[in-house]
Amino acid sequence: MYRIGIDIGGTNLKAGIVDEKNNLVESTYAPVRKGASPNEIIADACQLAEAAMGLSCISNSEIAGVGISCAGTCDTKTGRVIHAYNLGFENTPVCDLVNFRFHVPAKLANDADAQALAEVRAGSALGMENVLYICLGTGVGVGIIINGGIYSGCGYAGTEAGHMTLILDGEQCTCTESGCFEAYASATALIRQAKKAAASDPGSALNSLKKMGAKDIFGLADAGDETSVRVTKEYIRYLSAGITSLVNIFDPEAVVIGGGVANRGEKLLEPVREYVGKHIFGADSRKAPVITAAGFRDNAGVIGAAMLIKDGTE
Ligand SMILES: [Zn+2]
């Protein structure tokens, strides 16, 4: 039997067919249509899944279920997305709509949670039971795996570790609070920090960038631009301090870092390891967790979503 994984992001829709060994057999994607209603977005995602089935010549009778990974606040028990502001979802019955189309079980998880599951089942934390997955992108998504399954807390808004306070009364966060981990460790936060530093240093090469992305800022730091070096070092300190707090709470076997910033690889991971190793509670007598980059990149959401079906993890 195969499983369908659907990944509903703020800007892109992806769907794929996953086999019993967690291989992605076929995948399709399309941008989220501007102005589309929640029902239209879900219909588009289902159509992508049907296209993937067509491409791989797999019929409905060979599908065990459909897993859906979605940005935003997900109620895994009822299969509803409570809020996904970028998509206009508001108490949207995603699983019911998908089930109506495919007539097989449908399960829902927050995108960071689904990606975390992909990492422990088939990625960088393969076989590990207690893992933190941290996705550094537009925001900071954190998926927590405890005893091999997704930790969802007592309700749908379970784990939003991106919104733990890092600096009291600090930078404004997208969630209306201030000083959140996300407001310092997301790619968006790095760009904001770089723009601020560039404005007070007219000589910095940062001012010559037409469009500033995390990759460009790290690139200028590599080229020796002092302001970029300072900003990226500071960014890594914020990121590492947040990870240290999470490690102190959860004592995981591994911390897996995903999202666009993770493409920086060892140049990012090495200083994070050094900081965490030095600052975790009981650092002198304690082994720090493995800190590694995600094994999955573009398809983590699709594969993780499909994995929701196999063992009923919610
Ligand atoms: Zn926040």
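Structure first, text after, so check above.
Residues numbered from 1 in each chain as written. Predicted model: local features only at pLDDT ≥ 70, side-chain atom pairs only at ≥ 80, totals over all residues. Heavy atoms only, no water.

**Thoughts on the overall build of the chain**
For the chain, the helix and strand inventory stands at 9 helices and 13 strands. Its C-alpha atoms give the chain a radius of gyration of 20 Å, near enough to 20 Å, the size a compact globule of 314 residues would have. Counting the 314 residues in the chain, one finds 50% classified as buried. For the chain, restricting intrachain contacts to residue pairs at least 6 apart in sequence, the fraction spanning at least 24 positions comes to 61%. Charged side chains of the chain number 27 positive and 35 negative; the gap between the two group centres comes to 4 Å. (Helix = DSSP H or I, 4+ residues; strand = E, 2+ residues; numbered from the N terminus. Rg over C-alpha atoms; globule rule 2.2 N^0.38 Å. Buried < 20%, exposed > 50% of the residue type's maximum accessible area, 1.4 Å probe, protein only. Contact = heavy atoms within 4.5 Å. Lys, Arg positive; Asp, Glu negative; His and termini not counted. Charge placed at Lys NZ, Arg CZ, Asp CG, Glu CD.)

**A word on the pairing of strand 6 (residues 80–84)**
Two elements, strand 5 (residues 73–75) and strand 6, share 3 bridges in a ladder whose sense is antiparallel. What sits directly across from Asp 75, in strand 6, is Arg 80. Once strand 5 ends, the chain turns through 4 residues before running back antiparallel as strand 6, passing Gly 79 with a positive phi of about 75°. Remark: 4 residues form the turn of the hairpin made by strand 6 and strand 7 (residues 89–92), two consecutive strands paired antiparallel; Gly 88 in that turn has positive phi of roughly 75°. (Pairing = 2+ DSSP bridges.)

**Regarding the packing of helix 1 (residues 38–55) against helix 2 (residues 94–102)**
At their nearest, the axes of helix 1 and helix 2 sit 10 Å apart, and the two run at 40° to each other. Taken together, the axes of helix 1 and helix 2 are oblique relative to one another. Relative to helix 2, the crossing made by helix 1 is right-handed. Judged by residue contacts, Asn 39, Ile 42, Ala 43, Cys 46, Gln 47, Ala 49, Glu 50 and Met 53 of helix 1 engage Val 94, Leu 97, Val 98, Arg 101 and Phe 102 from helix 2. When grouped by side-chain class, the residues that make up the contact of helix 1 with helix 2 number 9 nonpolar, 2 polar and 2 charged. (Axes fitted to C-alpha atoms, helices over the stretch in contact; angles between N-to-C directions. Parallel < 35°, antiparallel > 145°, perpendicular 65-115°, else oblique. Left-handed = near helix turned anticlockwise from the far one by under 90°. Nonpolar A, V, L, I, M, F, W, Y, C, P; charged D, E, K, R; others polar.)

**Notes on the sheet that holds strand 6**
Read across the open sheet, the 3 strands follow the order 5-6-7; overall the sheet is antiparallel. Two strands in the sheet have a free side with no partner beyond their single neighbour: strand 5 and strand 7. For this sheet the average axis-to-axis angle between neighbouring strands, irrespective of direction, equals 20°.

**Things to note about the nonpolar core**
One finds Tyr 235, Leu 239, Ile 243 and Ile 257 to be the most contacted residues of the largest nonpolar core, which totals 40 residues. Beyond its immediate chain neighbours, meaning those up to four positions away, Leu 239 contacts Leu 136, Phe 181, Ala 185, Leu 268 and Val 272. Among the nonpolar cores identified, the runner-up in size contains 33 residues, and Cys 46, Met 53, Phe 89 and Cys 95 belong to it. (Core = buried A, V, L, I, M, F, W, Y, C linked by side-chain atoms within 4.5 Å.)

**Looking at unusual backbone geometry**
Backbone geometry follows two general trends: most residues other than glycine have a negative phi, and most peptide bonds adopt the trans configuration. Unlike most non-glycine residues, Asp 169 shows phi in positive territory, near 60°. With respect to the secondary-structure elements, Asp 169 resides in the loop between strand 11 (149–150) and helix 4 (182–185).

**Considering the pattern of salt bridges**
According to the stated counting rule, one finds 11 salt bridges in the structure shown. We note a salt bridge from Arg 286 to Asp 251, for which the minimum N-O separation is 3.3 Å. Taken together, the residues span a long stretch of sequence, with Arg 286 in the loop between helix 8 (266–279) and strand 13 (290–293) and Asp 251 in the loop between helix 7 (226–250) and strand 12 (254–258) at a distance of 35 residues. The exposure class of Arg 286 is partly exposed, given its relative accessible area of 23%. Measuring nitrogen to oxygen at the nearest pair gives 2.9 Å for the salt bridge that ties Arg 273 to Glu 270. (Salt bridge = Lys/Arg side-chain N within 4 Å of Asp/Glu carboxyl O.)

**Examining helix 7**
Here helix 7 contains 25 residues, and its C-alpha end-to-end distance of 36 Å stays within 8% of the 36 Å for a straight helix at 1.5 Å per residue. Immediately beyond the C-terminal end of helix 7, within one or two residues, lies Asp 251, with a positive phi of roughly 45°. (Expected span 1.5 Å × (residues − 1).)

**Let's talk about the environment of Ile 291**
If you trace the backbone, Ile 291 turns up in strand 13. Separated by 35 residues in the primary sequence, Ile 291 and Val 256 have C-alpha atoms spaced 6.0 Å apart. In this structure Ile 291 touches Val 255, Ile 257, Leu 269, Val 272, Arg 273 and Val 276, once residues within four positions along its chain are discounted.

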